[in-house]
Amino acid sequence: MSLTADLLIHARWIVTVETDGEVLADHALAIRDGKIVAIVPPEGVAAVSAKETVRLPRHVLMPGLVNLHCHAAMTLLRGYADDLALMDWLQNHIWPAEGKHVSDEFVYDGTLIGMAEMIRSGTTTVNDMYFYNSAVARAGLAAGMRTFVGCSILEFPTNYGLNADDYINKGLKERDEFVGESMVTFTLAPHAPYTVSDATFRKVVTLAEQLDLPIHCHIHETQDEINGSLSEHKVRPLARLAALGLLSPRLVAAHMVHLNDEEIALAAHHGVSVAHNPTSNMKLASGIAPVQKLLAAGVNVGIGTDGAASNNKLDMLADTRMSALLAKVGTQDPTAVPAATALRMATLNGARALGIEARTGSVAVGKDADVIALDLGALETAPTFDPISHLVYAAGREQVSHVWAAGRALLRERQLVTLNEGELLGKAEAWRLKIAG
């Protein structure tokens, strides 16, 4: 049977992530109208007529990575304040710098730079959380990434908003600007239990239900957060949020580092998804999240980079590797979070957390063509006994050669297609001078 396609990608291996450990050798991927229309075995390639053919004889083709927790614009604060505890870092360094500099232009430029970095490391979907939501959405459209725009909500004023109601109203108004954009989804993002009131959390739950929006929130990131909640509310944060109705399948809970067994069971019962941020958690000394226990309890766990001010890279491959390694050292069990599990966390689990697993997160017929290619032909990845092992433990962002999102090329032979690297470097230097000055 003949088949027509816009693009036919031949690869040495295809890792589908549909089934853990599934590797297809010498197959090709047929893409039409931005969707995967066939996974073609070697004997069937001759029957495919494609407008464009890409041959990747040393490469593995896999789903695009899903960055489940990010503050992309904070690339402009990369390295600004290092080696500090979370609250010191936030209150004495990051929040004052944001108060001086954050604007629509700051967010747009910083998000573009962050998205360029993410594309070059194989990320096709980002779940972001910041201010000036229209700027984040515009950057996503310019870059071509699948972008979840988290409308930050706090009780106190910033450059962007005066109070919780102001943040919500502005976010929903900006959301209206992008109705019909298939690559942009808005979310409600109450910052954290220690910056959001009970009344605001209740309002967020009501709006999320009415408008069918995901919720994105930092939860149980540090022990100090839990101690503060016990002092102020007489309960731990997750119990407070459960009583307020926040826990549901629409919630992406970022960090979830300090959890007891009852809280893990509570998250599982309510269908909460967790965004695990191993590098940021280590750098801020927040602790080691109980990923193995969460997964064993049936909790959907994805992976995030957090922002470049606390990582300091937006490199999902690095955080996927770190997720596997940190789970092993944290439990003293080398079988904890094996490579295939880590890869699923970085792709399909992230898509599931955002409610888009039917569209992306794995290589499957009918899904959007969010796919990336990594060149495993270099000395650093030779020999290749198991491509999945190499993707998690050996390969890095320097191996990412091609990136497509919804069939659109974002990276080709390591060169950005939708964004101009020179222009972005110029923006980064201009902001460095302004912030340092």
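Read on for a plain summary of the structure. The model shown is predicted, which means the values in this text are computed figures rather than measured ones.

### Quick notes on the nonpolar core
Then, number 1: By size, the foremost hydrophobic cluster in this structure holds 114 residues, and its most contacted members are W89, F106, V107, I119, L251 and L374.
Then, number 2: Of all the elements, helix α2 (residues 104–120) adds the most residues to this core, at eight residues.
Then, number 3: Other than its neighbours up to four places away in sequence, L251 contacts I215, C217, I219, L246, V272 and S273.
Then, number 4: Among the nonpolar cores identified, the runner-up in size contains 17 residues, and I9, A11, A373 and A409 belong to it.

### Some remarks on the pairing of strand β9 (residues 184–190)
Then, number 1: Taking burial as the measure, the seven residues of β9 include six buried ones, the bulk of the element.
Then, number 2: Relative to β9, strand β8 (residues 146–153) runs parallel, the two sharing seven bridges. What sits directly across from T147, in β9, is V184.
Then, number 3: Each parallel crossover has a hand, and the one from β8 via helix α4 (residues 164–176) to β9 is right-handed.

### Points about unusual backbone geometry
What you tend to see is this: most non-glycine residues have negative phi, and most peptide bonds are trans.
Then, number 1: In this structure, N312 follows N311 across a cis peptide bond, with omega equal to 10°.
Then, number 2: Here A382 and P383 are connected by a cis peptide whose omega angle stands at -10°.
Then, number 3: Of note, P383 is situated in the loop between β14 (371–375) and α14 (387–394).
Then, number 4: The phi angle at A285 is positive, at roughly 55°, despite the residue not being glycine.
Then, number 5: Counting through the fold element by element, A285 comes out in the loop between α9 (278–283) and α10 (291–296).

### Quick word on the pairing of strand β16 (residues 408–412)
Then, number 1: Pairing of strand β15 (residues 400–405) with β16 involves three bridges; the strand directions are antiparallel. Residue W404 lies in a different strand from β16, and its bridge partner there is A409.
Then, number 2: Linking β15 to β16, which pair antiparallel, is a turn of two residues; within it A406 sits at a positive phi near 50°.
Then, number 3: Inspection of the sheet shows β16 paired to strand β17 (residues 415–416) by two bridges, in the antiparallel sense. Bridge pairing in β17 links L411 to L416.
Then, number 4: Here β16 folds back onto β17 in antiparallel fashion, the turn holding two residues, of which E413 has a positive phi close to 50°.

The rules behind the values
- Residues numbered from 1 in each chain as written.
- Predicted model: local features only at pLDDT ≥ 70, side-chain atom pairs only at ≥ 80, totals over all residues.
- Heavy atoms only, no water.
- Core = buried A, V, L, I, M, F, W, Y, C linked by side-chain atoms within 4.5 Å.
- Buried < 20%, exposed > 50% of the residue type's maximum accessible area, 1.4 Å probe, protein only.
- Helix = DSSP H or I, 4+ residues; strand = E, 2+ residues; numbered from the N terminus.
- Contact = heavy atoms within 4.5 Å.
- Pairing = 2+ DSSP bridges.
- Right-handed = clockwise from strand over helix to strand, strands pointing away.

By themselves, these are just geometric observations and shouldn't be taken as functional.
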